[in-house]
Amino acid sequence: MHLESISLFNYKNFSDVSFEFDTKINCFVGKNGIGKTNVLDAIYHLSYGKSYFNPLAVQNIKHGEEFFVIDGNFRIKERTEQIVCSLKRNQKKILKRNGKLYEKFSDHVGLIPLVIISPADRDLIVEGSETRRKFIDTVISQSDRSYLQQLIQYQKFLQQRNALLKYFALNHVFENDTLSIYNDQLNQLGHFIYEKRKNFLLEFTPIFNQHHQEISGGEETVQLVYESQLHDKELLLLLEEHLSKDRLLNYTSVGIHKDDLSFEIEHFPIKKFGSQGQQKSFLIALKLAQFEFIKKQSGEKPILLFDDIFDKLDENRVSKIVSMVNNDEFGQLLISDTHADRTEKIVKQTHQTYKIFNL
């Protein structure tokens, strides 16, 4: 599987630009702020139906314009799939596959396996638990549509339960029977999601550890620790125990929406005790494990986007990772960098076909 071509109209800083890609290595080079990352984000957009960097979709429209369109052609299992994502101001985003409109974006997730490695990944370490939960959910959802559907349902019932708690508080009433309906639904869905996350991490963690050993040279040990309130009690019991607190807060204070993934080095939080280099190695290992896990589950080599490659690694480590293309571990690789000569020197070492786009 690979991306054959892409066209951008009024997307971020681009008015109208098109690219045709090599099946192996493609490099975007140029000064900072020229739009290298924006091209990679457009490719991500076609895989996930959203930007990796900006959650506010309307802000991806070029300044002064009324819409954007991203049009890409992917080669998947010997056929070309056209994916088009577009947005007009004050309207809903549209996603089409071969001219047919998706009713639900979730139906598209997993069609185009893709992993991005970016300096923005540091948010996984420094931001709150929601960012790390989204990472888990994104990886699982790429190959498990039932998980994504259950997750969407859980969020729906969670919002309804929170709205009911607010209604009770505003109207000075309480209906336990009505609340119990939502408790039962959250319990059932929450248990399914919890088990999926737990089993995922049992499989994912050894892959992550192996990649980290290779990148770091085995100089330190790292841990991924799944933190969940459901480790000790089922959700139904937790909801009953925290009812008074929930009524006071007007929202649901327990559940799988409070799960977290603790990143540790030598059993200490890497956020506080890891050097910048150790944090970078941790994140690279995490994303390469994501790549390998999705490849194993989907049977396809995900497209790999490597944004600002030298921000994360020194030249030797970049060479080592890019050389994995030779071992046929990677499929199509798209890289951005500020120095054309440095990038070309490394990709030439792979003896693979490549294209360099000077922006």
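In the block above lies the structure referred to throughout.
Rules of the game
- Residues numbered from 1 in each chain as written.
- Predicted model: local features only at pLDDT ≥ 70, side-chain atom pairs only at ≥ 80, totals over all residues.
- Heavy atoms only, no water.
- Pairing = 2+ DSSP bridges.
- Helix = DSSP H or I, 4+ residues; strand = E, 2+ residues; numbered from the N terminus.
- Axes fitted to C-alpha atoms, helices over the stretch in contact; angles between N-to-C directions.
- Contact = heavy atoms within 4.5 Å.
- Core = buried A, V, L, I, M, F, W, Y, C linked by side-chain atoms within 4.5 Å.
- Buried < 20%, exposed > 50% of the residue type's maximum accessible area, 1.4 Å probe, protein only.
- Patch = residues over 30% accessible without salt bridge, like charges linked within 9 Å, V, L, I, M, F, W, Y side chains within 5 Å.
- Areas by Shrake-Rupley, 256 points an atom, 1.4 Å probe, with all protein chains shown as cover.
- Salt bridge = Lys/Arg side-chain N within 4 Å of Asp/Glu carboxyl O.
- 1 Å grid on protein atoms, 1.4 Å probe; cavity = no way out; pocket = protein on both sides within 12 Å on 5 of 7 lines; lining within 4 Å.
- Points joined across faces, edges and corners; volume = space filled by probe spheres on them.
- Nonpolar A, V, L, I, M, F, W, Y, C, P; charged D, E, K, R; others polar.
- Expected span 1.5 Å × (residues − 1).
- Phe/Tyr/Trp six-rings, centres within 6.5 Å; stacked < 30°, edge-to-face > 60°.
- Lys NZ or Arg CZ within 6 Å of the ring centre and 35° of its normal.

**Q** Please clarify how the sheet that holds strand β8 (residues 114–117) should be interpreted in this entry.
**A** Two modes of strand pairing occur in sheets, parallel and antiparallel, and in both the strands are linked by backbone hydrogen bonds. Ordered in space as β8-β12-β13-β3-β14, the five strands form an open sheet in which the pairing is parallel. The sheet is open, and its two edges are formed by β8 and β14 (354–358), each paired on a single side. Taken pair by pair, the neighbouring strands of this sheet meet at an average axis angle of 15°, ignoring direction. Of the strand pairs in this sheet, strand β12 (residues 303–306) and strand β13 (residues 333–337) are connected by three bridges, and their pairing is parallel.

**Q** What am I meant to see in the environment of Ile356 here?
**A** Looking at the secondary structure, you find Ile356 in strand β14. Along the chain, Ile356 and Asp22 lie 334 residues apart, while their C-alpha atoms are 9.5 Å from each other. The residues contacting Ile356, other than those within four sequence positions of it, are Cys27, Val29 and Glu344.

**Q** How should the sheet that holds strand β9 (residues 222–227) be read in this particular structure?
**A** Read across the sheet, three strands follow the order β9-β10-β11 without closing on themselves; strand pairing throughout is antiparallel. Edge positions in the open sheet fall to β9 and β11 (268–269), since each of these has one partner strand only. Across the sheet, helix α5 (residues 176–216) lies against β9 and β10 (260–265), angled at about 175° from β9, the strand it touches most.

**Q** Looking at this structure, how should I read the nonpolar core?
**A** The nonpolar side chains of soluble globular proteins are, as a tendency, buried together. Of all hydrophobic cores here, the largest spans 63 residues; its most connected members are Phe204, Phe208, Phe263 and Leu286. The leading source of residues in this core is α5, at 12 residues. Leaving out residues up to four positions away in the same chain, Leu286 has contacts with Leu124, Phe135, Phe204, Phe208, Leu224 and Phe263. One finds Leu40, Ile83, Leu87 and Leu334 within the second-largest nonpolar core, a separate group that totals 35 residues.

**Q** Quick question: what am I supposed to make of a nonpolar patch on the surface here?
**A** A cluster of nonpolar side chains, contributed by Leu248, Leu249 and Tyr251, occupies part of the molecular surface with about 310 Å² of accessible area. Following the sequence through the fold, Tyr251 ends up in the loop between α7 (243–249) and β10.

**Q** Sorry, what's going on with the layout of surface pockets here?
**A** Summary: where empty space remains is shown by rolling a probe the size of a single water molecule over the atoms. In this structure, the largest pocket occupies an estimated 1,500 Å³ of space. Forming the boundary of the largest pocket are 42 residues, of which Tyr44, Lys50, Lys134, Phe135 and Thr138 lie nearest the centre. Breaking the lining of the largest pocket down by element, the ones donating at least two residues are α1 (36–48), β8, α2 (123–126), α3 (129–141), α4 (145–171) and α9 (276–298). Examining the composition of the lining of the largest pocket, we find that nine residues originate from one element, α3, more than from any other. Looking at the lining of the largest pocket, its residues break down into 19 nonpolar, 12 polar and 11 charged.

**Q** Whenever I open this one, α3 confuses me. Can you help?
**A** Residues lying three or four places apart along an α-helix face the same way, a consequence of the helix completing one turn every 3.6 residues. Here α3 spans 18 Å end to end across 13 residues, near enough to the 18 Å set by a 1.5 Å rise per residue. Buried residues along α3 sit in contact with α2, α4, α5, β10 and α9.

**Q** Looking at this structure, how should I read the packing of aromatic side chains?
**A** Aromatic ring pairs: the centre-centre distance and the angle between the two ring planes describe each pair. The full count for this structure, using the stated rule, is 22 aromatic pairs. Between Phe168 and Phe174 the ring centres are 5.3 Å apart and the planes differ by 70°, which places this aromatic pair in the edge-to-face class. Judged by its relative accessible area of 3%, Phe168 is buried. Take Phe174: its relative accessible area is 30%, and that puts it in the partly exposed class. A cation over a ring is seen here: Arg247 above Phe174, with NZ or CZ 4.1 Å from the ring centre.

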